[in-house]
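Descriptive analysis of the structure
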Amino acid sequence: EAQVTQNPRYLITVTGKKLTVTCSQNMNHEYMSWYRQDPGLGLRQIYYSMNVEVTDKGDVPEGYKVSRKEKRNFPLILESPSPNQTSLYFCASSRTSGVGETQYFGPGTRLLVL
Amino acid sequence: AQKITQTQPGMFVQEKEAVTLDCTYDTSDQSYGLFWYKQPSSGEMIFLIYQGSYDEQNATEGRYSLNFQKARKSANLVISASQLGDSAMYFCAMREGRRYSTLTFGKGTMLLVSP
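A short tour of the structure in this document, coming up.

Rules used throughout
Residues numbered from 1 in each chain as written. Chains lettered and ligands numbered in written order. Predicted model: local features only at pLDDT ≥ 70, side-chain atom pairs only at ≥ 80, totals over all residues. Heavy atoms only, no water. Helix = DSSP H or I, 4+ residues; strand = E, 2+ residues; numbered from the N terminus. Rg over C-alpha atoms; globule rule 2.2 N^0.38 Å. Buried < 20%, exposed > 50% of the residue type's maximum accessible area, 1.4 Å probe, protein only. Areas by Shrake-Rupley, 256 points an atom, 1.4 Å probe, with all protein chains shown as cover. Lys, Arg positive; Asp, Glu negative; His and termini not counted. Charge placed at Lys NZ, Arg CZ, Asp CG, Glu CD. Pairing = 2+ DSSP bridges. Salt bridge = Lys/Arg side-chain N within 4 Å of Asp/Glu carboxyl O. Contact = heavy atoms within 4.5 Å. Buried area = accessible area lost by both parts, 1.4 Å probe. Polar contact = N/O pair within 3.5 Å; in protein donor to acceptor, adjacent residues only side chain to side chain. Core = buried A, V, L, I, M, F, W, Y, C linked by side-chain atoms within 4.5 Å.

What follows covers the overall build of chain A. Looking only at helices and strands, one finds zero helices and eleven strands in chain A. Each helix and strand of chain A, ordered N terminal to C terminal, gives the series β-β-β-β-β-β-β-β-β-β-β. For chain A, whose C-alpha radius of gyration is 14 Å, the value lies close to the compact-globule estimate of 13 Å for 114 residues. The principal-axis extent of the C-alpha atoms belonging to chain A is close to 45 × 30 × 25 Å. The buried share of chain A, taken over its 114 residues, is 51%. On chain A, roughly 5300 Å² of surface is accessible, and the fraction owed to carbon and sulfur atoms is 51%. Computed over 13 positive and 10 negative side-chain charges, the separation of the two mean positions in chain A equals 6 Å.

What follows is the structure, encoded as structure tokens:
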């Protein structure tokens, strides 16, 4: 089954404790991205990757890091989480074809930083 | 200025009726893509439909169609024959310029379908 998986789905942590949210897709997509969703602000793109070892900042990259060592994986790293990073996080991957682009989202990760 | 504007915070529609969710966008690029997503109360994000700026025909996917009016910079989502399961938050989004660039979302419209 074609899918994007994220782990963990729920996480409670404390300020300053490094964490990684994993993202994996099994569709051989080149493009992957991370978003955060906050009430009243909608979804905002954090980082995206166009292929292995190629990443770029989205609209809200501060406080986050990413890496793309393999095509299927695109982890999101919070080196020193702060309470303002409490949010719902989505990973997504895309394929393009002659009729346009289709984007697949992971199930989301709810993060609470105390 | 906001790049994506969804002016309807909420919409109500009766089952089996059609509904249009508004989306206007702002870009100076000639090449861009427009997307619609659905987010049910369970939280997952579901891709619905895509329209490229150079596509001459409106995109359609089953009961979803995108009413693309380039001169007005609008990309409204039309859902025909609404179903109870269509109750959800709907987001419009745009990718400007080159294929793999930032995706910008609107703030969403909550659609409630009543029996």
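A separate point is the sheet that holds strand 7 (residues 65-66) of chain A. Strands pair in a sheet through their backbones, by hydrogen bonds, and they do so in one of two ways: parallel or antiparallel. Residues and elements named next belong to chain A. Sheet architecture is open: four strands sit in the order 1-3-8-7, paired in antiparallel fashion. Across the chains shown, the open sheet's two edge strands, defined by having one partner strand only, are strand 1 (4-7) and strand 7. Note: strand 7 against strand 8 (residues 76-78), two bridges, orientation antiparallel. Each residue of the ladder has a partner; that of Lys65, found in strand 8, is Ile77.

Before going further, it helps to examine the pattern of salt bridges. A full pass over the atoms with the stated rule returns five salt bridges over all chains. For Asp86 of chain B, the salt bridge identified is with Arg63 of chain B, shortest N-O distance 2.8 Å. Remark: Arg63 of chain B occurs in the loop between strand 7 (60-61) and strand 8 (64-69) and Asp86 of chain B occurs in the loop between strand 9 (74-79) and strand 10 (88-96); sequence separation between them is 23 residues. In this structure Asp86 of chain B comes out as buried when scored by relative accessible area, which is 2%. A relative accessible area of 24% means that Arg63 of chain B is categorised as partly exposed. Connected through salt bridges with shared partners, the residues Arg36, Asp38 and Arg44 of chain A form a single ionic network.

Taken together, the contact between chain A and chain B spans 24 residues of the former and 20 residues of the latter. If you sort the residues of chain A by the area they bury against chain B, Leu43, Glu101 and Phe105 of chain A come out on top, with a joint share of 27%. If you look at where chain A meets chain B, you find zero salt bridges. Counting across the chain A and chain B interface gives four residue pairs in polar contact (both at pLDDT 80 or more). If you list the elements that add at least two residues to the side of chain A that touches chain B, you get strand 4 (31-38), strand 5 (42-51), strand 6 (54-57), strand 9 (87-97) and strand 10 (100-105) of chain A.

Before going further, it helps to examine the nonpolar core. All names here are of chain B. Counting residues in each nonpolar core, the largest one holds 24 residues, and the members touching the most others are Tyr25, Trp36, Ile49, Leu77 and Tyr90. Tallying contributions element by element places strand 10 first for this core, with four residues. In this view, Tyr90 contacts Gln6, Leu21, Trp36, Tyr37, Lys38, Leu48, Leu77, Ile79, Gly108, Thr109 and Leu111; residues no more than four positions away in its chain are not counted.

Residue and element names in this part refer to chain A. Structurally, Leu112 is set in strand 11 (residues 109-113). What makes Leu112 partly exposed here is its relative accessible area of 35%. Leu112 sits 35 residues away from Ile77 along the chain, and the two C-alpha atoms are 15 Å apart. If near-sequence neighbours (up to four positions away) are discounted, Leu112 is found in contact with Leu11, Ile12, Thr13 and Thr86.

Before going further, it helps to examine the pairing of strand 4 of chain A. Residues and elements named next belong to chain A. Most of strand 4 sits out of view: eight of its eight residues are buried. The two faces of strand 4 match: Tyr31, Ser33, Tyr35 and Gln37 on one face and Met32, Trp34, Arg36 and Asp38 on the other face are all buried. With seven bridges joining them, strand 4 and strand 5 adopt antiparallel strand pairing. Looking at the pairing, Trp34 lines up with Tyr47 of strand 5. As consecutive antiparallel partners, strand 4 and strand 5 are separated by three residues, and within that stretch Gly40 has a phi angle of approximately 80°, a positive value.

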